[in-house]
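# Structure at a glance
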Amino acid sequence: MPTCHTTPASSAFSRSRLPLRAAIIGMGKVGKTRARVLTARDDVVFVAAADIDPSKCADFPDIRVETDHHALVSAPDIDVVFVATTNKFAPDIVCAALEHGKHVFCEKPPGRTIADIERIMAAERANPHLKLQFGFNHRFHYAVMEARNMVDSGIYGKVLWARGVYGKMGGADFEQIWRNDPEEAGGGILLDQGIHMLDLFCYFLGGDFNDIQSFVQTMHWKISLEDNAFALLRTPTQQVAMLHSSATQWRHKFSLELCLEDGYINLEGILSSTRSYGEEILVHARKNMTANTGLCPAPQEEKIFFDDDHSWELEVAAFLEAVKTDTPVSSGTSDDALRAMRLVFGIYAARR
Amino acid sequence: MKRTTIVGITDESLIHPPEIFAELSARQRLAEASLLKQQNHFIQSNCPACAAAKREFAFARSGFSFQSCQVCQTLYMSPRPTANMLHEYYEQSDYGRFIQSADHETALAPFRKDQARKQADKLIPLLQKSDHRENGILLLAPKHTMLAEVLAADAITPVHSKPAPWHDDVDPQGDRKYAIAAAFDIFERLPDPGTAIAKVYQQLSTNGHLILSVRSGSGYDLLTLWQHSDLKPAEHMNLFTVEGMSLLMERAGFSVGELSTPGHLDLQIVKRIRAQKHLKLDRFTEYFLNNRNDFASEQFQGFLQKSLLSSHMLAVGVKN
Ligand SMILES: [Zn+2]
């Protein structure tokens, strides 16, 4: 197991330097999405990228391209590093970047094991002047933000339970991709996609789930990692969350239902670049107990449609704001990442 | 941008309680007639949404003329009564006294209570996330007592604009800046919405929100029934289209945070008025109403809401 050096870095970053200079390690689909977000901003310049396949950087002809990330994480003219590699490499790169005084944004999951996020956190503690954020971008979807506002406002009381389904169908090359290689990924669909739903459970219920039951199975695909995970999670205050994370959902599906004391908030669908998870809709209603008979009528629901997904932009904006103003990262902190990883591996450990 | 729709039916009779409807209508027609007697002193108006002068005559209703803006299609009365004439209509006529009476309040109480709860459920989360929540809510209406009661249960004390908003006066407390201003069913009544919204803008904190609901000028019921619509001309002088509302907000400096048409009564209104007035409507509507059931009506109403084609509009502006 590689370890991070935990000595504080002598920062090459001057807080007053604007625009910031950013590098991206890993220029796959997610890395390119981050690159497009960065190039649209005027407080940051996307100056360099590293990928073992340099042709993946062809859309960005003006940047420095490396095949080895080491040259970039130590480069004095880089202020922030975005890590979008496979799970295997992310922890080492994050630690190295922090040690060289770079602010780091790392995609989820933060590695393949709980030990990975713990050593990242050790590097973070050794460099308290640096910002570290993880890519739990679902928190920045408009429907999720609206739901959070409603929950926080207390109009429906406290959350009693949550029920989340997040599933995709895999795809023709699903058995070959790195996400299903135990060495590269460390976990299957639960670690790859289900982790977003677990993060949202934490976001809405507070997240201290200490009682976990689960089935984790490979039902269909010829892979050694799981393609379906079913879990029941309970907090010490008896709130329960129920998860189904699936790679055999033949029509993509995102659904998060929140039941509160006086009403409910359901998130149906989530906007993505392909729109394959449907429209992004928040349905909410106050419980209807006005009927005199035992048969309560269905409550009148308000259904809110969100036409835009700016989650990637908002997430990067929040990170860069924390960097520029030297204020704490507010969402996708290492604590959030650790909590989500503990749930993932708690579900693996509880499998029956 | 987000769009809000409502799933589930409200019975129109809750909004127009039959026990008072006849009396209310009779008094309202008398108040209208009294207004019309002063029409020589009515004033010409440009489009209340976009201020364009280019227009064409749309229809006359009970002696009042409605124009259609050539730029944003907003329907509006011109010439129109002055603020003083409207004050008389709302405050001093028999009709005005009746709508403030206990009988009227009691008849509408079930609907208003439900409506107030829903309005509060919108306002409270908006206020809680505001950076200036201590600045509170400004309600642009003298008649939101029910809403004030619901808000009070959450320890929120809104400030009411006084006097009545048809004076275009929205300045109850001098320099105070509010986190939120709410105007439910007000802007369709104002003699000069452009001036009113500019004043509201001044009364809001930075990032403050204006939330308003109005009768829509681009709703299915109005576009289908046109001059036969159930308009009270003096209370529906400005029938903003979705596009017109957007222009009104932007002219005042707001960015538009939400434009929705969560009205869910279009089909009920069209059916009722078609029957009452023995109308023969367009071919599609006639075929639909004669051959499709309530489930289809509900689906169609959902489509209207989602496509911003329903009878009532909800708009949220954010002060930049
Ligand atoms: Zn106009």
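Residues numbered from 1 in each chain as written. Chains lettered and ligands numbered in written order. Predicted model: local features only at pLDDT ≥ 70, side-chain atom pairs only at ≥ 80, totals over all residues. Heavy atoms only, no water.

Right, let's get into the overall build of chain A. Check the secondary structure of chain A and you find 9 helices and 14 strands. Rg of the C-alpha trace for chain A: 21 Å, near the compact-globule value of 20 Å for 352 residues, within the 12% margin. Within chain A, buried positions represent 54% of all 352 residues. In chain A, the share of contacts with a sequence separation of at least 24, taken over all contacts with a separation of at least 6, comes to 71%. (Helix = DSSP H or I, 4+ residues; strand = E, 2+ residues; numbered from the N terminus. Rg over C-alpha atoms; globule rule 2.2 N^0.38 Å. Buried < 20%, exposed > 50% of the residue type's maximum accessible area, 1.4 Å probe, protein only. Contact = heavy atoms within 4.5 Å.)

Quick look at the confidence of the model for chain B now. Model confidence for chain B is summarised by a mean pLDDT of 91, while 94% of its residues fall at 70 or above. Confidence metrics for the complex model read pTM 0.90 and ipTM 0.85. (pLDDT = per-residue confidence, 0-100.)

With that settled, the discussion passes to the nonpolar core. Ranked by size, the top nonpolar core spans 95 residues in total, and within it A:Phe201, A:Phe204, A:Leu256, A:Leu258 and B:Leu123 carry the most contacts. If one sorts the elements of this core by residue count, helix α7 (residues 189-205) of chain A sits on top with 11 residues. Both domain 1 (9-136) and domain 2 (142-270 + 272-307) of chain A contribute no fewer than three residues apiece to this core. Excluding residues within four positions of it along the chain, B:Leu123 makes contact with B:Ile137, B:Leu139, B:Leu147, B:Leu151, B:Ile180, B:Ala182, B:Phe184 and B:Ile211. B:Ala183, B:Leu210, B:Val214 and B:Leu248 belong to the second largest nonpolar core, which has 36 residues in total. (Core = buried A, V, L, I, M, F, W, Y, C linked by side-chain atoms within 4.5 Å. Domains from an automatic or database assignment.)

According to the stated counting rule, one finds 21 aromatic pairs over all chains in the structure shown. A centroid spacing of 5.7 Å and a plane angle of 85° characterise the contact between A:Phe82 and A:Phe319, whose relative ring orientation is edge-to-face. One end of the pair, A:Phe82, is in strand β4 (residues 80-83); the other, A:Phe319, is in helix α8 (residues 311-325), with 237 residues separating them in the sequence. Comparing A:Phe82 with A:Phe319, the two get one shared label, buried. A connected cluster of aromatic rings, assembled from ring pairs, spans B:Tyr220, B:Phe284, B:Phe288, B:Phe300 and B:Phe303. One Lys or Arg, A:Arg148, reaches over the ring of A:Tyr203 and ends 4.3 Å from the middle of that ring. It is B:Lys319 that lies over the ring of B:Tyr201; its NZ or CZ is 4.7 Å from the centre. (Phe/Tyr/Trp six-rings, centres within 6.5 Å; stacked < 30°, edge-to-face > 60°. Lys NZ or Arg CZ within 6 Å of the ring centre and 35° of its normal.)

All names here are of chain A. We note that the domain assignment places domain 1 (9-136) and domain 2 (142-270 + 272-307) within chain A. Each of domain 1 and domain 2 was reduced to a C-alpha centroid, and the two centroids are 29 Å apart. At the junction of the two partners, domain 1 supplies 12 residues and domain 2 supplies 12 residues. Between domain 1 and domain 2, roughly 1,000 Å² of surface is buried when both sides are summed, and carbon and sulfur atoms account for 53% of that area. (Buried area = accessible area lost by both parts, 1.4 Å probe.)

Right, let's get into the environment of A:Ala247. Residue and element names in this part refer to chain A. Structurally, the position occupied by Ala247 is in the loop between β10 (240-246) and β11 (253-260). Assessed through its relative accessible area of 0%, Ala247 is described here as buried. Sequence separation between Ala247 and Phe174 is 73 residues; the distance between their C-alpha atoms is 9.2 Å. Filtering out sequence-adjacent residues up to four positions away, Ala247 remains in contact with Lys168, Met169, Gly170, Phe174, Ile189, Trp221, Asp227 and Asn228.

A word on helix α5 (residues 142-153) of chain A. Residue and element names in this part refer to chain A. The end-to-end C-alpha separation of α5 is 16 Å, in line with the 16 Å expected for 12 residues at 1.5 Å each. Of all the residues in α5, the buried ones are Ala143, Val144, Glu146, Ala147, Asn149, Met150, Val151 and Ser153. At the exit of α5 stands Gly154, carrying a positive phi of roughly 80°. (Expected span 1.5 Å × (residues − 1).)

Right, let's talk about the interface of chain A and chain B for a bit. Residue-level contacts link 18 residues of chain A with 20 residues of chain B. Its largest share of buried area at the contact with chain B, chain A owes to A:Gln300, A:Glu302 and A:Phe305, together 33% of the area lost on that side. Remark: the boundary between chain A and chain B carries 5 salt bridges. For B:Lys2, the salt bridge identified is with A:Glu146, shortest N-O distance 2.7 Å. Among the elements of the structure, α5 and β14 (301-306) of chain A are those that each provide at least two residues to the side of chain A that touches chain B. At 6 residues, β14(A) tops the list of elements feeding residues into the side of chain A that touches chain B. Split by residue class, the side of chain A that touches chain B holds 7 nonpolar, 3 polar and 8 charged. Note that β14(A) and strand β1 (residues 2-7) of chain B share 6 bridges and pair antiparallel. Bridge pairing in β1(B) links A:Ile304 to B:Thr4. (Salt bridge = Lys/Arg side-chain N within 4 Å of Asp/Glu carboxyl O. Nonpolar A, V, L, I, M, F, W, Y, C, P; charged D, E, K, R; others polar. Pairing = 2+ DSSP bridges.)

With that out of the way, let us pick up the pairing of strand β9 (residues 228-234) of chain A. On any regular strand, side chains alternate: one points to one face of the sheet, the next to the other face. Residues and elements named next belong to chain A. For strand β8 (residues 211-217) and β9, the ladder comprises 7 bridges, and the chain directions are antiparallel. By the bridge assignment, Phe215 is partnered in β9 with Phe230. Pairing between β9 and β10: 7 bridges, direction antiparallel. Paired with Leu232 across the two strands is Met242, which belongs to β10. Linking β9 to β10, which pair antiparallel, is a turn of 5 residues; within it Gln238 sits at a positive phi near 75°.

Residue and element names in this part refer to chain A. Strand order in the open sheet formed by 6 strands is β3-β2-β1-β4-β5-β6, and the pairing between neighbours is parallel. Both edges of this open sheet fall to β3 (64-66) and β6 (132-135), since each of them pairs with a single strand only. Taking the axes of each pair of neighbouring strands and ignoring which way they run, one obtains an average angle of 20° across the sheet. Of the pairings in the sheet, the one linking strand β1 (residues 20-25) to β4 comprises 4 bridges and is parallel in character. Looking across to β4, one finds that Ile24 is bridged to Phe82. (Axes fitted to C-alpha atoms, helices over the stretch in contact; angles between N-to-C directions.)

All names here are of chain A. Burial within helix α3 (residues 90-99) is extensive, with 8 of its 10 residues counted as buried. Every buried residue of α3 is listed here: Ala90, Pro91, Ile93, Val94, Cys95, Ala96, Ala97 and Leu98. As for α3, its buried residues are in contact with β1, α2 (70-73), β4, β5 (103-107), α4 (114-126) and β6. Count one or two residues on from α3 and you reach Gly101, which has phi positive near 80°.

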